[in-house]
Structures are given as C-alpha cells and as structure tokens.
Amino acid sequence: MAPLNYYLVLSAIIFAIGVAGVVIRRNFIVILLSIELMLNAVNLTFIAFARYLGSMEGQVIVFFVMTVAAAEAVVGLAIIISIFRHRRSLDPREMQLLKW
Amino acid sequence: MELATAIFYLVAAVTVGSAAMVAFSRNIIYSAFSLLGTFAGVAGIYVFLGADFVAAVQVLIYVGGILVLILFAVMLTHRITDVQITNRAAGRIPALVMVAVFIALLVQTIQETPWVKAKEIVYVPTTGAIGDLFLQSYLLPFELASLVLLAALIGAVVLARKEIKE
C-alpha cells in the first residue's frame, strides 16, 4: 500500500495541471475541462484522507463535490452554447460586453 | 506489495498524462477525449484507496454523464474552435513559471508534513456506511444537493433553448 504522500502528490500534480489549463488556454470549453480536472484532484485528496484517517465522511463530501461539479458543467456548457450562438466565438478575451 | 506499487505508478502515469493532454492539447477533440483517461485513472486510484462505491459513481457520473455532455458541447461549437487555439507566447511563460512554483510549494509541504500512518488495511464494502451517513448526519445537505441539481437542470434548459424571434 502506497503511503499517503503518493496520493497527495498525484493530486497536487493534477490540480496544478488544471490551474495551468485555466490560465493558459483561450477556449471556454478547455477552461471548463480544466476546472473539472481540479475538482477531481480535490476529490482524490478527500478520498485519500478518508482512507488514512479511517473515516467515511471524506467519501460523503466527495458526493457533494460531484453534485456541484455536475451542476457547474451543465450550467457552464449551457452558457457556452448560448454565447457561441450569439457571438460565434469561444474566446474569453472577446467577452467584454460588461466592461466600460 | 511490489506489484501493487507498480500498478499504482502505472495508473498514476496514465492519469497525469491524460490530464496534461487535456490542458495542453491543441485540438479540443483530443482534450475532451483525454478527459476520459483522467476520469478512469482517478476511478482506479479510488479502487486503490478502498472506496469502491465512489469509484463506481465516478465512472457513472463523470464518464457516463459529464463527459458525454462535454462532447455534445464540443460538437455543437466545433466549427470555429479548431482554428484559433494558438496562444500568445508572452502570456504562457509566466503562467507556467507560476504553476511550477505552485506545484513545488505543494509537494514540499506534502513531503515535510508528518502524516498519520494508515490504519490496518481492510477492504470492506463502503456503500452501507455511506448510506447511513447520508440519511443520518448529512440529511440536510443531501436534500439540498437534489435542490441544487434541479435548479441547474432548469437553468440549463432556460439558458440553452433557442430563442424565438418574433
């Protein structure tokens, strides 16, 4: 059985990749995918701690995170499709209608 | 023991590799499909950690639900997206440096903290205990989660429907 460090480092790497994707990419859908990556990394941390502390509560929290992730993906993709229909673009730099 | 560690490294490598593919691939179709590898890899790690029910739910919800949804969105908006994904090089280097510093800090913190040792390794089914927690101490969040899902469902329908011009 691998020690707790391994799981935490793996989770940190996935989270950092997600952060890099959000910062670097210029496409709404890829940004959303990277957010899903980060949520998965957090879930992994929760499960690892639940395992190593011998508690079930971490696993329960994961389900709430999954709920939020599903809601976020659904609403985010609806917004993306709506924006694409109006603007014909997925570039976040062009979304500055509220800027003055 | 040795075999388990080797399998862990394999699954971790697949997970990190496809995560990197998601974030850095130029083609958005490849990004979306690489997410499959990440989700499946994370489900494998859950199995390693003895969380059988969470692993099954991960496959059902993420691979079966969210991934299909994302693929639909990619197909619906595909015409323009594959042309203009090139980034300015100026914004990328500082971002990567910052992310490298971030990951170094995280890993150093993880390695230096004296974590507790694991309890004895027992692989027991977790479904019953999760159900008990949901219906006893986490009953209110559980019901609120269903409300959140309902709100997201209605919101998505309202946002994404086609407007009828009069």
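Conventions and cut-offs
- Residues numbered from 1 in each chain as written.
- Chains lettered and ligands numbered in written order.
- Predicted model: local features only at pLDDT ≥ 70, side-chain atom pairs only at ≥ 80, totals over all residues.
- Heavy atoms only, no water.
- Helix = DSSP H or I, 4+ residues; strand = E, 2+ residues; numbered from the N terminus.
- Buried < 20%, exposed > 50% of the residue type's maximum accessible area, 1.4 Å probe, protein only.
- Contact = heavy atoms within 4.5 Å.
- Areas by Shrake-Rupley, 256 points an atom, 1.4 Å probe, with all protein chains shown as cover.
- pLDDT = per-residue confidence, 0-100.
- Buried area = accessible area lost by both parts, 1.4 Å probe.
- Salt bridge = Lys/Arg side-chain N within 4 Å of Asp/Glu carboxyl O.
- Nonpolar A, V, L, I, M, F, W, Y, C, P; charged D, E, K, R; others polar.
- Core = buried A, V, L, I, M, F, W, Y, C linked by side-chain atoms within 4.5 Å.
- Domains from an automatic or database assignment.
- Phe/Tyr/Trp six-rings, centres within 6.5 Å; stacked < 30°, edge-to-face > 60°.
- Expected span 1.5 Å × (residues − 1).
- Axes fitted to C-alpha atoms, helices over the stretch in contact; angles between N-to-C directions.
- Parallel < 35°, antiparallel > 145°, perpendicular 65-115°, else oblique.

Peer 1: Any chance you could break down the overall build of chain B for me, citing the residues and the numbers?
Peer 2: Across its full length, chain B carries seven helices and zero strands. Order of helices (α) and strands (β) in chain B, N terminus to C terminus: α-α-α-α-α-α-α. Counting over 166 residues, chain B shows a buried share of 32%. By sequence separation, contacts in chain B at least 24 residues apart represent 61% of the contacts at least 6 residues apart. Element-wise, carbon and sulfur atoms account for 74% of the exposed surface of chain B, whose accessible area totals about 10300 Å².

Peer 1: Tell me about the confidence of the model for chain B, and please be specific about residues and values.
Peer 2: Residues and elements named next belong to chain B. Residues at a pLDDT of 70 or more form 86% of chain B, whose mean pLDDT is 85. Summarising per-element confidence for chain B, the mean pLDDT is lowest in helix α4 (residues 78-81) (58) and highest in helix α7 (residues 139-160) (92). Among the prediction metrics, the complex's ipTM stands at 0.88, with pTM recorded as 0.88.

Peer 1: I'd like a rundown of the interface of chain A and chain B, residues and numbers included.
Peer 2: In this complex, chain A contributes 67 residues to the contact, which on the side of chain B involves 83 residues. In this assembly, chain A packs against chain B so that about 6900 Å² is buried in total across both faces, 76% of it on carbon and sulfur atoms. On inspection of chain A and its partner chain B, the count reaches zero salt bridges. Those elements giving two or more residues to the side of chain A that touches chain B turn out to be α1 (4-24), α2 (28-53) and α3 (57-87) of chain A. Its residues assigned to classes, the side of chain A that touches chain B comprises 47 nonpolar, 11 polar and nine charged.

Peer 1: Please provide a residue-by-residue account of the nonpolar core, values included.
Peer 2: With 65 residues, the main nonpolar core has Tyr 7 and Ile 29 of chain A together with Leu 35, Ile 45, Leu 49, Val 54 and Ile 70 of chain B as its most contacted residues. For this core, the secondary structure elements donating two or more residues are α1, α2 and α3 of chain A together with α1 (2-24), α2 (28-48), α3 (52-76) and α6 (127-135) of chain B. Both domains that meet at this core, namely domain 1 (1-82) and domain 2 (130-161) of chain B, each give it at least three residues. Other than its neighbours up to four places away in sequence, Ile 70 of chain B contacts Leu 33 and Leu 77 of chain A together with Ala 32 and Leu 35 of chain B. The next biggest cluster of nonpolar side chains, apart from the first, holds five residues, and it includes Ala 16, Ala 20 and Ile 24 of chain A together with Ala 95 of chain B.

Peer 1: How would you explain the packing of aromatic side chains if you had to name every residue and give the values?
Peer 2: Inspection of every chain in the model, using the stated rule, returns 14 aromatic pairs over all chains. Taking 6.0 Å as the distance between ring centres and 50° as the angle between the ring planes, the aromatic pair formed by Phe 15 of chain A and Phe 102 of chain B counts as tilted. One end of the pair, Phe 15 of chain A, is in helix α1; the other, Phe 102 of chain B, is in helix α5 (residues 89-112), on a second chain. You can call Phe 15 of chain A partly exposed: its relative accessible area is 26%. On the accessibility criterion, Phe 102 of chain B (30% relative accessible area) is partly exposed. Ring geometry for Phe 39 of chain B versus Tyr 62 of chain B: centroids 4.6 Å apart, planes at 40°, classification tilted. One end of the pair, Phe 39 of chain B, is in helix α2; the other, Tyr 62 of chain B, is in helix α3, with 23 residues separating them in the sequence. Across this residue pair, the class does not change: Phe 39 of chain B and Tyr 62 of chain B are buried.

Peer 1: Please give an account of α1 of chain A that cites residues and values.
Peer 2: Under the 1.5 Å per step criterion, the end-to-end length of α1 of chain A is 30 Å for 21 residues, consistent within 8% with the ideal 30 Å. When you tally the buried positions in α1 of chain A, you get 15 out of 21 residues, the bulk of the element.

Peer 1: Which residues make up the packing of α2 of chain B against α3 of chain B, and what values go with them?
Peer 2: Residue and element names in this part refer to chain B. Packing of α2 against α3 brings their axes to within 9 Å, and their N-to-C directions diverge by 175°. As far as their axial angle goes, α3 and α2 are roughly antiparallel. For the pair formed by α2 and α3, the contact residues are Ile 28, Ile 29, Ala 32, Phe 33, Leu 35, Leu 36, Phe 39, Val 42, Ala 43, Tyr 46 and Val 47 on the first element and Val 54, Ala 55, Gln 58, Val 59, Tyr 62, Val 63, Leu 67, Ile 70, Leu 71 and Val 74 on the second. Its residues placed into classes, the contact of α2 with α3 shows 20 nonpolar, one polar and no charged.

Peer 1: Please provide a residue-by-residue account of the environment of Gly 58 of chain A, values included.
Peer 2: All names here are of chain A. If you trace the backbone, Gly 58 turns up in helix α3. With 14 residues separating them in the primary sequence, Gly 58 and Leu 44 have C-alpha atoms 9.9 Å apart. Those residues in contact with Gly 58 that lie beyond four places of it in its chain are Phe 46 and Ala 50.

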